[in-house]
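Overview (structure and organization)
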Amino acid sequence: MDMKKRINLELRNRSPAEIAELVVDNSRSADGEVEGLTDAFTELEFLSMVNVGLSSLAKLPSLPKLRKLELSDNNLSGSLETLSEKCPNLTYLNLSGNKIKELSNVEALQNLKSLQSLDLFNCEITSLEDYRESVFELLPQVTYLDGFDQEDNEAPDSEAEDEDEDGDDGAGPTGEYDEEDDEEEDEDGSEGGEDEEDDEDDYAEEEEEEDQAGVQGQKRKRDADDEGEDDDDDEDD
């Protein structure tokens, strides 16, 4: 499938301005040029054109919000100056598996001031003596070259970071939810305690009433006995 048809397919009835990520890997470019992409992709942040037969970036449209660009396994050897003109905010650029042979080929990337990670793996340039030191010197804004910094520390996995952030974000609401449940349980417990106290008070009142009734009954009984004794005395008289 050619690149233009693939892009139309990826749109899925959406407008270009609604697209933040676009992957057209393994499609075919016309004459080694970018096709199907226009300035209308104003919100595009991630673009992947792996193994599409690109030999030039001259027709790349202006993509001001683009942060990550995957161009591995193409036939690019130059024309990289287009990137700083059309994608000035790139932070990640993968050019592995292209025909980049000399430091002069990547010199044009100096104007990508936000570029943090650059991948030139499987390009001929990597066979140059002091390749890594030379690239870091040429592009001081770059922190990671081929996945490692100047001290050979591996670049963090952006996907893992995203998952961790999601996990942290997810934990917040869950914790708040549990706390609310505890509060509700405490309130229920308090209400239950109040109910029990009310029951105890009612029971105590009933006992008092029963005691009073018993005392009154005994008094009435004594009064009756006294009356009976008085009657007996009268009869004797």
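Residues numbered from 1 in each chain as written. Predicted model: local features only at pLDDT ≥ 70, side-chain atom pairs only at ≥ 80, totals over all residues. Heavy atoms only, no water.

Below, the discussion takes up the overall build of the protein. Looking only at helices and strands, one finds five helices and six strands in the protein. Across the 237 residues of the protein, 29% fall into the buried class. Counting only contacts in the protein whose residues sit at least 6 apart along the sequence, the fraction spanning at least 24 positions is 49%. Working note: accessible area of the protein is about 15,200 Å², and carbon and sulfur atoms make up 40% of it. (Helix = DSSP H or I, 4+ residues; strand = E, 2+ residues; numbered from the N terminus. Buried < 20%, exposed > 50% of the residue type's maximum accessible area, 1.4 Å probe, protein only. Contact = heavy atoms within 4.5 Å. Areas by Shrake-Rupley, 256 points an atom, 1.4 Å probe, with all protein chains shown as cover.)

Right, let's talk about the nonpolar core for a bit. Counting 44 residues, the largest nonpolar core has M49, L83, L93, L95, L109 and L118 as its most contacted members. Only α1 (3-11) and α4 (131-138) provide two or more residues apiece to this core. It is α4 that contributes the most residues to this core, four residues altogether. Look past the residues within four positions of L93 in its chain and what remains in contact with it is L69, L71, L83, L109, L115, S117, L118 and D119. (Core = buried A, V, L, I, M, F, W, Y, C linked by side-chain atoms within 4.5 Å.)

So, about the sheet that holds strand β2 (residues 46-48). Spatial strand order, β1-β2-β3-β4-β5-β6: six strands in an open sheet with parallel pairing. Every interior strand has two partners, whereas the edge strands, β1 (21-23) and β6 (144-145), have only one. The pairing of β1 with β2 spans three bridges and is parallel. The partner of E21 across the bridge, within β2, is F46. (Pairing = 2+ DSSP bridges.)

What follows covers the side chain of D149. Turning to its location among the elements, D149 is positioned in the loop between β6 and α5 (158-236). At 5.9 Å, R132 is the nearest oppositely charged side chain to D149, a buried residue that forms no salt bridge. Looking at D149, its side chain comes within polar contact range of the main-chain nitrogen of E151, at 2.9 Å. Excluding residues that lie within four positions of it along the chain, D149 makes contacts with R132, F136, T143 and Y144. (Lys, Arg positive; Asp, Glu negative; His and termini not counted. Salt bridge = Lys/Arg side-chain N within 4 Å of Asp/Glu carboxyl O. Polar contact = N/O pair within 3.5 Å; in protein donor to acceptor, adjacent residues only side chain to side chain.)

We now examine the confidence of the model for the protein. Across the protein, pLDDT averages 80, with 66% of residues at or above 70. Segment residues 160-186: pLDDT under 50, and one contact once partners within four positions in sequence are set aside and those in other chains are kept. Throughout residues 189-194 the model reports pLDDT below 50, and contacts reaching past four residues in sequence, or to other chains, amount to zero contacts. (pLDDT = per-residue confidence, 0-100.)

With that settled, the discussion passes to the environment of T38. Structurally, T38 is set in the loop between β1 and β2. Distance in space between the C-alpha atoms of T38 and P16 is 8.4 Å, their sequence separation being 22 residues. Residue contacts for T38: discarding those within four places in its chain leaves P61 and L63.

What follows is about unusual backbone geometry. Working note: non-glycine residues mostly have negative phi, and peptide bonds are mostly trans. For S79, which is not a glycine, the phi torsion comes out positive at approximately 60°. Checked against the element boundaries, S79 lands in the loop between β3 (68-70) and α2 (81-86). Here the phi dihedral of N122 falls at roughly 65°; this positive angle occurs in a residue that is not glycine. Position of N122 relative to the elements: it lies in the loop between β5 (117-119) and α4.

The final tally for this structure, using the stated rule, is three salt bridges. E10 is paired through a salt bridge with R12; the nearest N and O atoms lie 3.5 Å apart. Judged by relative accessible area, E10 falls into the buried class, the value being 16%. Salt-bridge contacts for E43 lead to K65; the nearest nitrogen and oxygen are separated by 2.8 Å. Taken together, the residues E43 in the loop between β1 and β2 and K65 in the loop between β2 and β3 connect sequence positions 22 residues apart. Residue classification places E43 among the partly exposed residues on the basis of a relative accessible area of 32%.

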